[in-house]
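# Breakdown of the fold
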Amino acid sequence: MLPAALAVMATRPIDRKALVSRNNPIVTTIDTLASLSVGNGRFAFTTDVTGMQTFPEYYSGGVPLGTQSEWGWHSFDNPAGYRIEESYAMTDFGHGHRELYSTQPREGRAKKASDWFRANPHRLHLGCIGLEQEGLTVSDIRNPRHRLDMWTGTVRSTFNTGGGAYWITTVCHPERDVVSTRIETEKVSEGIAINLRFPYPTGKHTDDGCDWASNDRHATELVSHTANSALLKRTIDKTVYYVSLRWEEKARLSEKSRNYWTLRTSGRRLTYSCEFTESPTATPPSFNETQAASAAHWQGFWQEGGAVDFSQCKDPRATELERRVVLSQYLLAIQCAGNMPPQETGLTYNSWFGKFHLEMIWWHQAWLPLWGHPAMLGRTLRWYESAEPRAREIAMRQGFKGIRWMKMTDPSGEESPSKVGSYLIWQQPHLIYLAELLYRSSPADSAFLSRHPALPRLIDETADFMADFATYDATADRYILKGMIPAQETLKAHATYNSPLELSYWHCALGMAQQWRKRRGLPEVPLWNDILTKLSPLASGGNDNENESRMYLAAESAPDTYHTQALVSDHPAVLGAVGILPMSRLVDYKIMQNTRKWIMANWNWGHTWGWDFPLVAMNAARLGDPAGAIDALLMDQRTNTYLPNGHNYQDKRLRCYLPGNGGLLTAIAMMCAGWDGCTTENPGFPKDGNWQVRWEGLAPLP
C-alpha cells in the first residue's frame, strides 16, 4: 500500500496535454536518425521526412522505415532438412546430471543447422508506402517540417519539391493494422501518386529486412479491385499475407513493375487507408475513421496512465529528462505492448533476426503497471502459456523440474540456438516479478485470476525450476547458483557461480512465489523456504574485514573482478542486486555503497547498454543517493543517447534500443513513488530545491 507521505504527489492536476505536447518532436532537417512512427503496440509504421516511406534505402542505415507487425514472420526453405536437435550439445555443470543445450557449434552440419534455426523465422517488413514522383530524390526535399503529435498519434509533414508544397498527415488505427494518410498539394498539373513497394526478406541478423534485388523470389497479386478499393495478395515462399487498400478520391491503381504498385489521382488531394493482415479482410476504415479512433485512443492513454511533470524543476537537465520520459512512453506503447514479447528494436527494424529476448521483457514492460497500464502487460504475459510446452521441454532435456524459459525465441516459443543465450538464467524470475506487479495493480479485483488463470501454475512451475537449479553445498550448508552465464555476459558458464544479480533475484522471486501460494490458500513449499534461508550471500572482496573498502564481486568465482577489464565491462549487473530488487539478507548496505561508488567512477562505460543507466539509478535511489540517481540517468555516454525521436541509440548496429526506454520509465516510477516501506517523498530526486517533480498515477516497486 502506498505510504501516506507519498499520497501528496501533484498538489494540483497535471495538464496532461500540455505535458505531452511540449515534448512533441519536430524535425526540420533530413536526419536518418530522426524518423517518426505511428503504431498500436502490435503494428508500427515508421515515416521519413515526407511523412510516408518515400526513401527507405536512404534511411536504412539510420532508424529505418519499418512496417512491421507481431504476426508477420517468414522462414527460408530448409531443403537440407535441418533439425533443431542438431544444434544440441551435452555438458555437465555439476548439478548431478548432464544437461543438453541448444548452442552454436563451430563447424559441419551442426553449425549449419544452428545457423538456420537462429535466422528462421525472421520478422517481415510488410511493405513501403511512399510518395511517387518521377526522379524524386532526397535532395529535392526543401523546407521540411516533420512533426509527431503524440496527443493524437499523428505524424504531420510539410515540405516543398519541384516548386510546389505538400501537406501530409499519417495516422494508425489503434485496433487494426491500418495506416491512413491524407496528401494535399498545390501542384495541380501533376496530381498526386503514391507507391507500394514490397521487398523480399534478407534474413540478416540486424537490418531493415529489405532485399530490393530479389523481385523474382516473391509476388504481389491483385485479388480484387473496385473503383475505390483493392486487395493485394503477397506470396513470399510459403508465407502469404494481404494488403487491403481503400481510397476516397478518383484514382487509378496500376502495377508499375513486379512488386511495385502505384495509386494515382489527377487532383490536389489523395486520401487512403492501407491494412496489412494474415488473411483477407473487409475494406479498411476511412482516413477520418482512423484519425478519430487514433485521437480517442491516445488521449485515453495519456489521461488514464501516470504522468510526471518536470516543468517546475530548476536543474537545467530536467527538460531533457522530461523529453525522454514522455517520448519513451509513446515509443513503447506503439511497439512493445502486443500479444507477445517485443524485440529489442521493437517494430522498427530487425535485430537478432526480429526475434525477442525474454531476459529483456522486464526492461521493456515492467513500467506498464507502474504507470497505470496493467492491461498492456497482461496481454503480453498470456504468451507465456503458449510457450509453456517448449519451456517444459528445455527443463526436461536438461534434467530439471518445472519449466525453463528460453532466452531468444519467436512466436512459437522455439529456443534459438546460442552460445550465450541458452545459458542465461535471469529471465526465469521475470514472469514471477511481472505477475506480481500486475497483481499489485489490481489486488482487490476478484476477477484477476479469472482473467489470468494460467499465471499461478506458471509461477509454481517456474519456481520449481529455480529451486531445482539451485545446488546444495553440504560443506557450507548453503545453496549456490552455478552452470550459467549471468546478466554480465563477460563471465563464462563453466567457471561462474554465485553471481550477485541472480542470487538476489532467486531470493526475491521465490519469496514472491510463496506469497502467490498463500493468496490461493495453498501451503508454502518447504524446499523454497530452505533455499530462501540458506541461499549464499553476495560475495565481496577487499582487505577490510569491517566492510569499509570491500566491494561486491561480479561472481564469487571472480575474485579478480576489479583487476580485470572484461569484468568491469558490459552490464554492471552487480548493482541490480539492489535497485530493481529490494534489499535482502543477502546484501550488506555498506559494501553495496562502496561497489556503486567505484563503478560510477571506474566502470568501462564505453562498453555498456542503454538499460545499464536506469539500473544504476535505481540502485542509487534505494541506497539514499538521489543525486547519484540523476547523474546515472543523464550520464553523457554513447549508449545513453536519446535521439530527437526518443529512441535510445547504442551504436551503428543498434540505432534504437527500447529496453533503455523501458528501464528509464521504471526508474522514474521508483524515483517518484518509491518502493515498499519507503516513506520519503520523491526518494530518487535531490532535496536541494532544484527538483520540484510533480507526478500522479504512479505505483511503487516491491
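Per chain, residues are indexed from 1 in the order of the written sequence. Given that this is a predicted model, residues contribute local features only at a pLDDT of at least 70 and side-chain atom pairs are listed and counted only at 80 or more, while totals for whole chains, interfaces and linings are drawn from all residues. Remark: hydrogens and water are excluded; side-chain values derive from all non-hydrogen atoms of the structure.

What follows covers the overall build of the protein chain. In terms of regular secondary structure, the protein chain is built from 18 helices and 30 strands. For the radius of gyration, the atom set is restricted to C-alpha positions; the globular benchmark scales as 2.2 Å times the number of residues to the power 0.38. A compact globule built from 702 residues would reach a C-alpha radius of gyration of about 27 Å, and the protein chain, at 26 Å, matches this within 12%. Remark: exposure states derive from per-residue accessible area (1.4 Å probe, protein chains only) relative to the maximum for the residue type, with buried under 20%, exposed over 50%, and partly exposed in between. The proportion of buried residues among the 702 residues of the protein chain is 65%. Here, two residues are considered to be in contact whenever any of their heavy atoms come within 4.5 Å of each other. Taking as baseline every contact in the protein chain between residues at least 6 positions apart, the subset at least 24 positions apart corresponds to 70%. Exposure was quantified through the Shrake-Rupley algorithm and a 1.4 Å probe, taking into account, for residues, occlusion by the shown protein chains and nothing else. Counting every atom, the protein chain has about 24500 Å² of accessible surface; 50% of that belongs to carbon and sulfur. Positive charges come from Lys and Arg, negative ones from Asp and Glu, while His and the chain ends are left out of the count. Charge placement uses NZ in Lys and CZ in Arg. For Asp and Glu, CG and CD serve respectively. Each charge class in the protein chain can be summarised by its mean position, and for the 71 positive and 74 negative side chains these summaries are 2 Å apart. Secondary structure follows DSSP: runs of H or I at least 4 residues long count as helices, runs of E at least 2 residues long count as strands, and numbering of each begins at the N terminus.

Cavity: a set of points on a 1 Å grid over the protein atoms alone where a 1.4 Å probe fits but cannot get out. Pocket: an open set with protein on both sides within 12 Å along at least five of seven lines, its lining residues, like those of a cavity, having an atom within 4 Å of a point. Grid points are joined across faces, edges and corners, and a volume is the space filled by probe spheres set on the points. What the rule picks out here adds up to five cavities of 30 Å³ or more. The space that makes up the largest cavity amounts to roughly 80 Å³. In terms of lining, the largest cavity is formed by 13 residues, of which the most central are E70, Q335, M340, P341 and P342. Looking at the lining of the largest cavity residue by residue, the classes come out as six nonpolar, five polar and two charged. Approximately 50 Å³ is the volume found for the second largest cavity. Lining the second largest cavity we find R16, L19, V20, W302, G306, A307, V308, V326 and Q329. Of all the elements in the fold, those that place two or more residues in the lining of the second largest cavity are α1 (16-21), β21 (307-309) and α5 (318-335). A per-element tally of the lining of the second largest cavity places α1 first, with three residues. Residue type decides the class: Asp, Glu, Lys and Arg count as charged, Ala, Val, Leu, Ile, Met, Phe, Trp, Tyr, Cys and Pro as nonpolar, and the leftover types, Gly among them, as polar.

So, on to the environment of T319. Relative to the assigned elements, T319 resides in helix α5. Considered as a pair, T319 and D309 are ten residues apart in the sequence and their alpha carbons are 9.7 Å apart.

Here we come to the packing of aromatic side chains. Ring pairs shown here join Phe, Tyr and Trp side chains whose ring centres sit within 6.5 Å, with only the six-membered ring taken for Trp; geometry is labelled stacked below 30 degrees between planes, edge-to-face above 60, and tilted in between. Per the stated rule, a full pass over the model turns up 36 aromatic pairs. Between the aromatic rings of F93 and Y423, the centroid separation amounts to 6.1 Å while the plane-to-plane angle is 90 degrees, which identifies the pairing as edge-to-face. Of the two residues, F93 is situated in the loop between β6 (88-91) and β7 (99-102) and Y423 in the loop between β23 (408-409) and α10 (430-440); the sequence distance between them amounts to 330 residues. As far as burial versus exposure is concerned, F93 and Y423 are alike and both buried.

Strand order in the open sheet formed by nine strands is β1-β10-β11-β12-β13-β20-β17-β16-β15, and the pairing between neighbours is antiparallel. In this open sheet, the two edge strands, each paired with only one partner strand, are β1 (26-27) and β15 (218-225). Pairing between strands requires that DSSP locate at least two bridges from one strand to the other. Summarising the sheet, strand β11 (residues 154-161) and strand β12 (residues 164-172) pair through eight bridges and their orientation is antiparallel. Bridge pairing in β12 links V155 to T170. Across the sheet, helix α4 (residues 287-304) is in contact with β11, β12, β13 (178-185), β17 (239-247) and β20 (269-277); its angle to β12 comes to roughly 60 degrees. All axes are obtained by fitting lines to C-alpha atoms, using only the stretch in contact for helices, and the reported angles, taken between N-to-C directions, cover 0 to 180 degrees.

It is worth spelling out the packing of helix α9 (residues 383-397) against helix α12 (residues 455-469) at this point. Helix packing for two helices is described by the angle between their axes and how far apart those axes are. Orientation of α9 relative to α12, taken along the N-to-C sense of each, is 20 degrees, at an axis distance of 12 Å. As judged from the angle between their axes, α9 and α12 are roughly parallel. In this structure, the crossing between α9 and α12 has a hand that is left-handed. Where α9 approaches α12, its residues Y384, E385, E388, R392 and A395 are matched on the opposing element by R457, L458, E461 and F465. Angles are sorted into four bins: roughly parallel if under 35 degrees, roughly antiparallel if over 145, roughly perpendicular if 65 to 115, and oblique for all others. The hand of a helix crossing depends on one turn: near helix anticlockwise from the far one by less than a right angle means left-handed, and clockwise means right-handed.

Right, let's get into the state of the cysteines. Disulfides are defined in this document as cysteine sulfur pairs within 2.5 Å. A full pass over the atoms with the stated rule returns zero disulfides. There is no disulfide at C128, and the cysteine sulfur nearest it, in C210, is 5.1 Å away. Between C274, a cysteine without a disulfide, and C172, which holds the nearest cysteine sulfur, the sulfur-to-sulfur distance is 11 Å.

The subject of this paragraph is the sheet that holds strand β19 (residues 260-265). Spatially, the four strands line up as an open sheet ordered β9-β14-β19-β18, and their pairing is antiparallel. The sheet terminates laterally at β9 (128-131) and β18 (252-257), the two strands that pair on one side only. Between one strand axis and the next, the sheet turns through 25 degrees on average, direction left out of account. Examined bridge by bridge, β9 and strand β14 (residues 192-197) share four bridges and lie antiparallel to one another. Paired with G130 across the strands is N195, a residue of β14.

The residue after N120, namely P121, is reached through a cis peptide bond having omega -5 degrees. In this structure, D570 takes a positive phi of about 70 degrees despite not being glycine. Mapped onto the elements of the fold, D570 is located in the loop between β27 (551-552) and α15 (589-602). With a relative accessible area of 11%, D570 lands in the buried category.

Strand β16 (residues 229-236) sits mainly inside the fold: six of its eight residues count as buried. Pairing geometry for β15 and β16, over seven bridges, is antiparallel. Its bridge partner being in β16, A219 is matched across the sheet by T235. Counted along the chain from β15 to the antiparallel partner β16, the turn is three residues long. Relative to β17, β16 runs antiparallel, the two being bridged by eight bridges. Counterpart to T235 in the pairing with β17 is V240. Between the antiparallel neighbours β16 and β17 lie two residues, among them D237 with a positive phi of about 55 degrees.

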